[in-house]
Amino acid sequence: MTESVALIFDSVLKMLVGLGMTLQLLIISSGLGLILAVILLLMRISGKWYLNLPAQIYIYIFRGTPILVQIFIIYYGLPQFEFIRDSIFWPILREGYGCAIVALFLNSGAYTSEILRGGVLAVDQGLLEAASALGMSKPQRFLYILTPIATRISLPAYSNEFISMLKSTSLASTITVADMTGIGRTIVAQTFAPYEIFLSLAIIYMILTFFIQRSFGWIENRLSRYTKKLGIS
Amino acid sequence: MEAIAGWWDDYFWASIVVFKVFIASLLFMVLFGLIGAMAKLSNNRIAQKLASAYTIVFRGTPEILVILLLYFGSAIALTSIAQVFNPDIKFLDVPPFWAGTFAISVIVGSYATETFRGAFLGVDPGHVEAARALGLSDFQSFIHVRIPEMWRIALPPFGNHMLSLVKDTALISIIGLNETLFVAKQATSFTGKPFVMYILVGCIYLAFSTVITLTVMGFEKFGNRHLKEAL
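Residues numbered from 1 in each chain as written. Chains lettered and ligands numbered in written order. Predicted model: local features only at pLDDT ≥ 70, side-chain atom pairs only at ≥ 80, totals over all residues. Heavy atoms only, no water.

**Observations regarding the confidence of the model for chain B**
All names here are of chain B. Per-residue confidence for chain B gives a mean pLDDT of 90, with 97% of residues at or over 70. Per-element averaging of pLDDT across chain B places helix H9 (residues 225–230) at the bottom with 74 and helix H1 (residues 8–41) at the top with 94. Prediction confidence for the complex, expressed as pTM and ipTM, is 0.89 and 0.88 respectively. (pLDDT = per-residue confidence, 0-100. Helix = DSSP H or I, 4+ residues; strand = E, 2+ residues; numbered from the N terminus.)

**Describing the interface of chain B and chain A**
Tallying the contact residues gives 39 residues for chain B and 36 residues for chain A. Interface of chain B and chain A: buried area, both sides summed, is about 3200 Å²; carbon and sulfur atoms make up 75% of it. Considering only the side of chain B, the residues that lose the most area to chain A are B:Arg59, B:Lys167 and B:Phe195, jointly responsible for 19% of the buried surface there. Applying the counting criterion to the chain B and chain A interface returns zero salt bridges. At the boundary of chain B and chain A, one finds 11 residue pairs in polar contact (both at pLDDT 80 or more). Looking at the side of chain B that touches chain A, the elements with two or more residues in it are helix H2 (45–60), helix H3 (63–85), helix H7 (180–191) and helix H8 (194–223) of chain B. With 11 residues, the top contributor of residues to the side of chain B that touches chain A is H8(B). (Contact = heavy atoms within 4.5 Å. Buried area = accessible area lost by both parts, 1.4 Å probe. Salt bridge = Lys/Arg side-chain N within 4 Å of Asp/Glu carboxyl O. Polar contact = N/O pair within 3.5 Å; in protein donor to acceptor, adjacent residues only side chain to side chain.)

**Some remarks on helix H1 (residues 2–17) of chain A**
Two residues of an α-helix separated by three or four positions point the same way, owing to the 3.6 residues in each turn. Residues and elements named next belong to chain A. Relative to the 22 Å expected for 16 residues at 1.5 Å per residue, H1 spans 23 Å between its end C-alpha atoms, a close match to the ideal helical length. Among the residues of H1, those classed as buried are Ser 4, Ser 11 and Met 15. Angularly, the buried residues of H1 cover 45 degrees about the axis, an arc narrow enough to put them on a single face. Exposed side of H1, more than 90 degrees from the buried face: Thr 2, Phe 9 and Val 17 are the residues found there. Contact partners of the buried residues in H1: helix H2 (19–44), helix H10 (180–191) and helix H11 (194–223). (Expected span 1.5 Å × (residues − 1). Buried < 20%, exposed > 50% of the residue type's maximum accessible area, 1.4 Å probe, protein only. Arc of directions from axis to C-beta.)

**With respect to the confidence of the model for chain A**
Across chain A, the average pLDDT comes to 90, with 97% of residues at or above 70. At the low end of the mean pLDDT range in chain A sits helix H12 (residues 225–230) of chain A, at 72; at the high end sits H2(A), at 95.

**Here's the deal with the side chain of B:Thr115**
All names here are of chain B. Take Thr 115: it is sitting in helix H4 (residues 96–122). Judged by its relative accessible area of 11%, Thr 115 is buried. With sequence-adjacent residues up to four places away left out, Thr 115 is seen in contact with Ala 154, Pro 157, Phe 158 and His 161.

**Re the packing of H1(B) against H2(B)**
Residues and elements named next belong to chain B. Packing of H1 against H2 leaves a shortest axis separation of 7 Å and a crossing angle of 135 degrees. Considered as vectors, H1 and H2 are oriented oblique to each other. Considering how the two elements wind past one another, H1 and H2 form a crossing that is left-handed. The segment H1 lies against H2, with Phe 32, Gly 36, Ala 39 and Lys 40 engaging Ala 47, Gln 48, Ala 51, Ser 52, Tyr 54 and Thr 55. Here the residues of the contact of H1 with H2 are counted per class, giving five nonpolar, four polar and one charged. (Axes fitted to C-alpha atoms, helices over the stretch in contact; angles between N-to-C directions. Parallel < 35°, antiparallel > 145°, perpendicular 65-115°, else oblique. Left-handed = near helix turned anticlockwise from the far one by under 90°. Nonpolar A, V, L, I, M, F, W, Y, C, P; charged D, E, K, R; others polar.)

**Examining the pattern of salt bridges**
All names here are of chain B. By the definition in use, this model includes six salt bridges over all chains. Glu 114 serves as the salt-bridge partner of Arg 117, at 3.7 Å between the closest nitrogen and oxygen. Taken together, the residues Arg 117 and Glu 114, both in helix H4 and three residues apart, mark about one turn of the helix. Given a relative accessible area of 29%, Arg 117 falls into the partly exposed group. For Glu 114, a relative accessible area of 33% translates into the label partly exposed. Between Asp 138 and Arg 132 there is a salt bridge, with its nearest N and O atoms 3.5 Å apart. On the basis of relative accessible area, Asp 138 is assigned to the exposed category, the value being 56%.

Below you can see the structure in the form of structure tokens.
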């Protein structure tokens, strides 16, 4: 018993070294994914078919295939081509770390843009009409009316997406990235103690999820503070 | 393209494996989801606590960890049990198919729990009361009023759960299930053409999710046909 307690203590310390890597993957790819999502969203609500269609196809492909397959295509598949190895992207795509970030952000962009679109569609049309009646231009309406309200509406769904991104970062361990899961799998391969290592790893992930949920709850409360005062939702 | 020539049959059988995993995990997922939803809706405190622990745990744990834990964990348990009877046995494992199927259906079942619970609560209580007032028994009003309203509410999120099941199947290749991603790995080491091999895997999964999406859309249309006529 004391043996496994010592093992758990030891390996948790080792795995927490990978926490930095996990958070890096999560934050960089979510940030880039959010930018991509906004671009895709603008393409989808532009009303022009030559912008809408490519965005729709992109979202369809990335939401219809497993992230693991996308990671493998980028990590194992792309280096097959000479022009990729000669391009400026090669320093990124050469390493598992870069590939994981690219795959995760391309994927999260597709999911997030659908979430944002849901938020945009849920904005009351009357508000936009009121804004144009007040003489606001289209960019002004987008920036001052649509964006703040759509952000508030899509935040709960986005927090779920953020949590599933945290879970997806563990897939980077399959392409030699030393995140928490990667380190955990190495320790299991050495000690063959899956219960102790994987269960404690699961608890670390759950604690992270808890903190993410709490922070998003706090942001949500803050963004919707005026609705409470007025008693509207 | 000629690189794939000798691999078509492998990909075909691997797709059959994906399909089998999907069917088996769909059944388990519905089962776990219904049990979870029943526990959450029951008046029993302990059942409620257990069900919310279930949803919290599997929402916060990466899928790959659950799969690895179930596979290696069950292998250790099985080996130690088998060694009691026959000390010569070195290693025994649960087939990756069943370990993986069980793992992904437990995970997605935790999401389905919320879906089923929401659908149950989404039925207008007035409709059930009306059915009772018309003299239908509890069982009859459940079958003829609750179920037809519930499945319509649950369908769109349920479609998403089915998509996650199919996509999570790719993860089972990590513990050695002979599905398409696994085949692509083998094919790559033979032919040295990884891009085509993995793109093909992507296409197979895309085909699966397209079929599921279209089926769900068809069912949705069928489920909401009465709304169309009313308008």
